[in-house]
Amino acid sequence: MNQDKSLQLCLMGLIAVVGSVIAYQCYIVSPYLVQRLMVPFPVPYTESVVAVQIDRLGSDGTIYSDLRAAPFFPALYPPLFHLLSAAVQALTGAQILAPRLVSMTAFAIIICAGGGIFAYAGQSIAARLLGVGIFLLLLLILQPVYGLAPVGMVDTLAAAFSFSCILLFVSRSGKRLDNSTFVMIAALASLAFWTKPTALYGPLAVFVLVLTTHVGAAFRLALIAAITAAASGFALWLYFGTDMLTNVFSYAQTKFVPERAGLAFAVFWARYVSLAVIGVIVAAICLFSRSLRQLAETEKLALYYLLITSLGFFAVAREGSGWNYIIEFCIALCLSAGFVGVRIGTVIENTRFGDPANFFRAATATGLVVLALSAVPSGRPLKTSFNVTPVSYTH
């Protein structure tokens, strides 16, 4: 009985620590989000470009120019974000605020999707609370995520569509993968693609997981996704014409500089060095204990998502690219850390069955989490040679 009480106190204490740090981080981040929403002019430069394109959509009915007839004003992204922002602008009359509201709504969707994933994946209330808490905390700590939330750019909305594919698959985990599930995943993938063509990490992670278990189902998913993307693209082409395709897929021919990818990787992990250390420790524990073979399906999906989104660092290698290309890597990092929280909650609860080894693991894991949370920097901007994060414009 005393041991059960000790375990409950351990869980409650750990949840309280995570909750307290979340509250502190909200105190740090909230003023920035409000301040950034209310800035009366678009920053950075990309936001001003998007704002002009949305205004043009309302006045001319298109955002794309004929690239063969000078002068022209190229639009490098598909029109979905602009269409949603124009609709919000028509309802509110707020030209600068409208696209920011779309991005903030997408940020809220990402938070809710993460909560939904752990609601499905956790086996107990404590495990779910730890998973959601750590996910939310890192979401508020990793600046490429929260920093872009109040910025009127396409990235957060595209990430929300892509990440929602993970939630949809997890909600169907353990059930028969029928075509209706694939159609919904394909629809979300199509929305992500026609918001930002590179934002397909979530659907790709689902595809890889399905491919490892049901090859036929994986190809069925790929076929449905291709048909859905082509059909939606055809509908957009009917409205915007060939100029949409030439602007989005043929104009931006930027130079690939490999050293930029390495520099971005080094700068990111130097900024969040405590996460790097904890990540290496957790990976080593998993490898040496052969825990990777015992991962649940949802945990494997999170791992695939993290590995695939790491390709975003190569996208940063293109000249003109910035931290917005690793927003989904940060979300995947939050998701993986959340699943570590779920494991910790489960291990602590399993100690009530009298296995001293479990108690030792639980104590060690708890210490690592507290150490990581105390060491992660918060509230300071990423100031690097890339100079692309929104916070750096307000300091």
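Look a little higher up for the structure.
Model, not experiment: these values are computed from the prediction. (Residues numbered from 1 in each chain as written. Predicted model: local features only at pLDDT ≥ 70, side-chain atom pairs only at ≥ 80, totals over all residues. Heavy atoms only, no water.)

**Brief notes about the overall build of the chain**
As a reminder of what qualifies: For the purposes of this entry, the term helix denotes a DSSP run of H or I that reaches at least four residues, the term strand denotes a run of E that reaches at least two, and both are numbered from the N terminus. Working rule for contacts: check all heavy atoms of both residues, and any pair within 4.5 Å makes them a contact. Accessible areas in this description were obtained via Shrake-Rupley with a 1.4 Å probe; residue shielding takes into account the shown protein chains only.
Helices and strands together make up the secondary structure of the chain, namely 17 helices and 0 strands. Considering only residue pairs separated by 6 or more positions, the chain has 79% of its internal contacts joining residues 24 or more positions apart. As displayed, the chain has an accessible area near 18,000 Å², and 68% of this comes from carbon and sulfur atoms.

**Description of helix H5 (residues 125-141)**
Because an α-helix completes one turn every 3.6 residues, residues spaced three or four positions apart along the sequence face the same direction. Where we set the bar: Here, expected helix span is obtained from the residue count minus one, scaled by 1.5 Å. Burial classes: relative accessible area under 20% of the type maximum marks a residue as buried, over 50% as exposed, and values in between as partly exposed (1.4 Å probe, protein chains only). What qualifies as a polar contact is a pair of N or O atoms within 3.5 Å, subject to a donor-acceptor requirement within protein and to the restriction that residues adjacent in sequence count only when both atoms come from side chains.
Look at H5: 24 Å from first C-alpha to last across 17 residues, which is about the 24 Å you get at 1.5 Å a residue. Of all 17 residues that make up H5, 12 are buried, and the element is covered over most of its length. All buried positions along H5 are accounted for by Ala126, Ala127, Leu130, Gly131, Gly133, Ile134, Phe135, Leu137, Leu138, Leu139, Leu140 and Ile141. For H5, the side-chain oxygen to backbone nitrogen distance between the N-cap and Ala127 is 3.2 Å, and the N-cap itself is Ser124.

**Brief notes about the pattern of salt bridges**
Here is the rule: Think of a salt bridge as a Lys or Arg side-chain nitrogen and an Asp or Glu carboxyl oxygen that are within 4 Å of each other.
Within the structure shown, the criterion is met by 6 salt bridges. In this structure, Arg172 engages Asp178 in a salt bridge whose closest nitrogen and oxygen atoms are separated by 3.7 Å.

**Things to note about the packing of aromatic side chains**
Basically, it comes down to this: In this scheme Phe, Tyr and Trp rings, the latter by its six-membered ring, pair at centre separations within 6.5 Å, and the angle between planes marks the pair as stacked below 30 degrees, edge-to-face above 60, and tilted otherwise. Lysine NZ or arginine CZ positioned within 6 Å of the ring centre and within 35 degrees of the ring normal marks a charge as sitting over the ring.
Under the criterion given, the structure shown has 19 aromatic pairs. Ring centres 5.1 Å apart and planes at 85° place the aromatic pair Phe268 and Trp269 in the edge-to-face group. Of the two residues examined, Phe268 and Trp269, each falls in the buried class. Grouping aromatic residues by their ring pairs yields a cluster made of Phe265, Phe268, Trp269, Tyr272, Phe313 and Phe329. The positively charged end of Lys196 is found above the aromatic ring belonging to Tyr325, 3.9 Å away from the centroid.

**Some points on the packing of helix H10 (residues 215-240) against helix H11 (residues 242-251)**
What counts here: Under this scheme, a helix contributes an axis fitted over its contacting stretch, all axes are lines through C-alpha atoms, and angles between N-to-C directions fall in the 0 to 180 degree range. Comment on the angle field: the value is read as roughly parallel under 35 degrees, roughly antiparallel over 145, roughly perpendicular from 65 to 115, and oblique elsewhere. Under the grouping applied here, Gly and all other residues not named as nonpolar or charged are polar, the nonpolar ones being Ala, Val, Leu, Ile, Met, Phe, Trp, Tyr, Cys and Pro and the charged ones Asp, Glu, Lys and Arg.
Axis separation between H10 and H11 bottoms out at 6 Å; the angle between their running directions is 115°. With respect to H11, the axis of H10 lies roughly perpendicular. Only Thr242, Asp243, Met244 and Leu245 of H11 make contact with H10, whose side of the interface consists of Gly233, Leu236, Trp237 and Phe240. Taken together, the residues of the contact of H10 with H11 break down into 5 nonpolar, 2 polar and 1 charged.

**Examining a nonpolar patch on the surface**
Applicable threshold: Patch members must show over 30% relative accessible area and no salt bridge, and they are joined within 9 Å when carrying like charges or within 5 Å when they are nonpolar side chains of Val, Leu, Ile, Met, Phe, Trp or Tyr.
On the surface, Phe234, Trp237, Leu238, Leu245 and Phe249 cluster together to form a nonpolar patch covering roughly 480 Å² of accessible area. Contributions of two or more residues to the nonpolar patch are made by H10 and H11. In terms of residues, the nonpolar patch owes the most to one element, H10, which gives 3 residues. For Phe234, the position within the fold is in helix H10.

**What to know about the packing of helix H4 (residues 97-121) against helix H7 (residues 155-171)**
Put simply, the test is: Handedness of a crossing follows from how the near helix is turned relative to the far one, being left-handed for an anticlockwise turn of less than a right angle and right-handed for a clockwise one.
Running from N to C, H4 and H7 point in directions that differ by 20°, and their axes come no closer than 9 Å. For the element pair H4 / H7, the angle class is roughly parallel. Of the two elements, H4 crosses H7, and the hand of that crossing is left-handed. Of the residues in H7, those touching H4 at Val102, Ser103, Ala106, Phe107, Ile109, Ile110, Ala113, Gly114, Gly116, Ile117 and Tyr120 are Thr156, Leu157, Ala159, Ala160, Phe163, Ser164, Ile166, Leu167, Val170 and Ser171. Counted by class, the contact of H4 with H7 contains 15 nonpolar, 6 polar and no charged residues.

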